[in-house]
Amino acid sequence: MHWEQLLSLKRAGDTNGRYRKDQDETRLGFEVDFDRIVFSSAFRSLQDKTQVIPLSDTDFVHTRLTHSMEVSVVGRSLGRVVGKQLLEKHPYLKELGYTFNDFGAIVAAAALSHDIGNPPFGHSGEKSIGEYFNSGAGQKYKEELSAKEWQDLIDFEGNANGFKILTQDGQGVKDGLRLSYATLGTFMKYPKESLPKKATKHIVDKKFGFFQSEKEKFKDVAETLGLKVMRSGEDIAYHRHPLAYLVEAADDICYTIIDFEDGINLGLVDEEFALEYMIKLVQDKIDTKKYHSLGLKKDRVSYLRALAISTLIEQAATIFIENEEAILNGTFEKSLLDKCKYEAQINDIIKLSIDKIYNSRSVIEKEVAGYKVIADLLDVFINAINNSYMGKASNYDKLILMMLPQEFKTQQETLYIRIMNVCAYVAGMSDSYAILVHKKISGVIVS
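First, a word on scope: everything that follows refers to the structure included in this document.

Quick notes on the rules
- Residues numbered from 1 in each chain as written.
- Predicted model: local features only at pLDDT ≥ 70, side-chain atom pairs only at ≥ 80, totals over all residues.
- Heavy atoms only, no water.
- Helix = DSSP H or I, 4+ residues; strand = E, 2+ residues; numbered from the N terminus.
- Expected span 1.5 Å × (residues − 1).
- Buried < 20%, exposed > 50% of the residue type's maximum accessible area, 1.4 Å probe, protein only.
- Contact = heavy atoms within 4.5 Å.
- Axes fitted to C-alpha atoms, helices over the stretch in contact; angles between N-to-C directions.
- Parallel < 35°, antiparallel > 145°, perpendicular 65-115°, else oblique.
- Left-handed = near helix turned anticlockwise from the far one by under 90°.
- Nonpolar A, V, L, I, M, F, W, Y, C, P; charged D, E, K, R; others polar.
- Patch = residues over 30% accessible without salt bridge, like charges linked within 9 Å, V, L, I, M, F, W, Y side chains within 5 Å.
- Areas by Shrake-Rupley, 256 points an atom, 1.4 Å probe, with all protein chains shown as cover.
- Salt bridge = Lys/Arg side-chain N within 4 Å of Asp/Glu carboxyl O.
- Lys, Arg positive; Asp, Glu negative; His and termini not counted.
- Charge placed at Lys NZ, Arg CZ, Asp CG, Glu CD.
- Arc of directions from axis to C-beta.

It is worth spelling out helix α20 (residues 415–427) at this point. Under the 1.5 Å per step criterion, the end-to-end length of α20 is 18 Å for 13 residues, consistent within 8% with the ideal 18 Å. The buried fraction of α20 amounts to twelve of the 13 residues, a majority that puts the element mostly inside the structure. Of all the positions in α20, only Leu415, Tyr416, Arg418, Ile419, Met420, Asn421, Val422, Cys423, Ala424, Tyr425, Val426 and Ala427 are classed as buried. In this structure, the buried side of α20 is in contact with α7 (123–134), α8 (147–154), α9 (158–167), α18 (361–389), α19 (395–403) and α21 (431–441).

Dropping the structure here:
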């Protein structure tokens, strides 16, 4: 892979080339990407989507929105640090007009949108959509779909749904947000289709990054960027855009450290654990006098969090530069933090978070409720839209369809697309809105 191709400013539908030297320095194309994401309705809905604690009553627990913003900030720093070193290593990129801020802007935009396709109720939302088809009422559609279409549904993936949101056509809208291909490539952590599932131990094969409905759009982006082919023919997969490793690292850093911070502030994790676990990450940087002078627990934890994030940014950037050739060749098979000297400490924090936070009673109870909400929503809307297509809609079906936004009402010819439209509608809901719609279809009068 070649950097000048990977940093493409091209947008879907372009007929003329876009070149870095021609860019308006007051508003670069990569910065336009960031702006378009911020102003999108899909991004706004993240303000009421679960990060870790579903439907929290407190005002300091992170939502998908605040998490995405923090990942973007960390990603920007990572991109700038790495970009500065890459420009020193490849001076021809400077001659083409690129600056280290370009790398930061690309990673920041991709990181900002990294969770834009996630359903309500956290990762259990993805699982609940998959289980509706795999073991619920949606099983009846299996025989009418291809193997890959079915796999898209039973392993419903927020990353693939995110690519759909960023690129999908609408009424009078072509190619979604029309982001630069560099940003779209950096967004795609898993540039492969849903089958074969986990074909290798390479990080690319961990999940999948696009649905069959966006396959051609994905191939256009991958081929324009010159992503290295991993598999071709009937089962396509590409190696990652190198900057996708930085988005992944930024996400890993934030959820590892900040989810832990949320758990401490909620009282799910004792503060003594914060010192015991996080001190191992920051022992070379901590000012013990300053730490002990902080009177409030949240300030002490915040101080440790800031130091830990700074430490891991330095580590991730170093690992990236040291392994740049392997990353460009597609032979770097793990995440950056998997190569980090603090891997054991990170795993200790994640293990404690799983035990004390993710598996806490309050989280589990709300996730269980989320399963029921999502399954019922899918069932009612898919039945209504299919019955309408076949000319068998009941009065109830017709009323249900009147609740659907206009963009999801179009009569699609294929069952797969009709189902995917409903999945996209439900996945786009915020936690509170999903509960509200569920009450309405369940006969609960909402004033």
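Turning our eyes to something else, we now look at the packing of helix α12 (residues 244–265) against helix α13 (residues 271–282). For any two helices packed against each other, one specifies the crossing angle of their axes together with the interaxial distance. Direction vectors running N to C along α12 and α13 enclose 160 degrees, while the axes themselves pass 10 Å from each other. On the basis of their axis angle, the class for α12 and α13 is roughly antiparallel. The interaxial crossing formed by α12 with α13 has left-handed handedness. Between α12, through Ile257, Phe260 and Ile264, and α13, the contact on the second element is made entirely by Glu271, Phe273, Ala274, Tyr277, Met278 and Leu281. Here the contact of α12 with α13 is composed, by residue class, of eight nonpolar, no polar and one charged.

Residue Leu195 is joined to Pro196 through a cis peptide bond whose omega torsion reads 0 degrees. Within the secondary structure, Pro196 is located in the loop between α10 (181–187) and α11 (215–225). Residue Lys198 is not a glycine yet carries a positive backbone phi of 50 degrees. Mapping Lys198 onto the fold places it in the loop between α10 and α11. The exposed category is assigned to Lys198, whose relative accessible area is 54%.

A cluster of acidic residues, Asp270, Glu272, Glu276 and Asp348, forms a negative patch on the protein surface. Examined against the element boundaries, Glu276 turns out to sit in helix α13. Of the residues examined, Glu276 reaches a relative accessible area of 41% and is grouped as partly exposed.

Each full turn of the α-helix corresponds to 3.6 residues, which orients residues three or four apart in the same direction. Among all positions in α21, only Asp431, Ala434, Val437, His438 and Ile441 are buried. The arc enclosing the buried residues of α21, seen along the axis, measures out at 130 degrees, which places them on a common side. Tucked into the core, α21 has its buried residues touching α18 and α19. Looking one or two residues beyond α21, the residue adopting positive phi is Gly443, at roughly 90 degrees.

This part is about the pattern of salt bridges. Under the defined criterion, the tally for this structure stands at 25 salt bridges. Between Asp235 and Lys148 there is a salt bridge, with the nearest N and O atoms lying 2.9 Å from each other. Of the two residues, Asp235 sits in the loop between β1 (229–231) and β2 (237–238) while Lys148 sits in helix α8, which places them 87 residues apart along the sequence. Lys148 sits in the buried class, given a relative accessible area of 14%. A salt bridge links Lys164 to Glu214; the nearest nitrogen and oxygen atoms lie 3.2 Å apart. Separated by 50 residues along the polypeptide, Lys164 in helix α9 and Glu214 in the loop between α10 and α11 bring together distant segments of the chain. Residue Glu214 is classed as buried on the basis of its relative accessible area, which comes to 5%. Within this structure, Lys148, Glu193, Lys215 and Asp235 form a network of salt bridges that share partners.

That is the geometry; function is a separate question.
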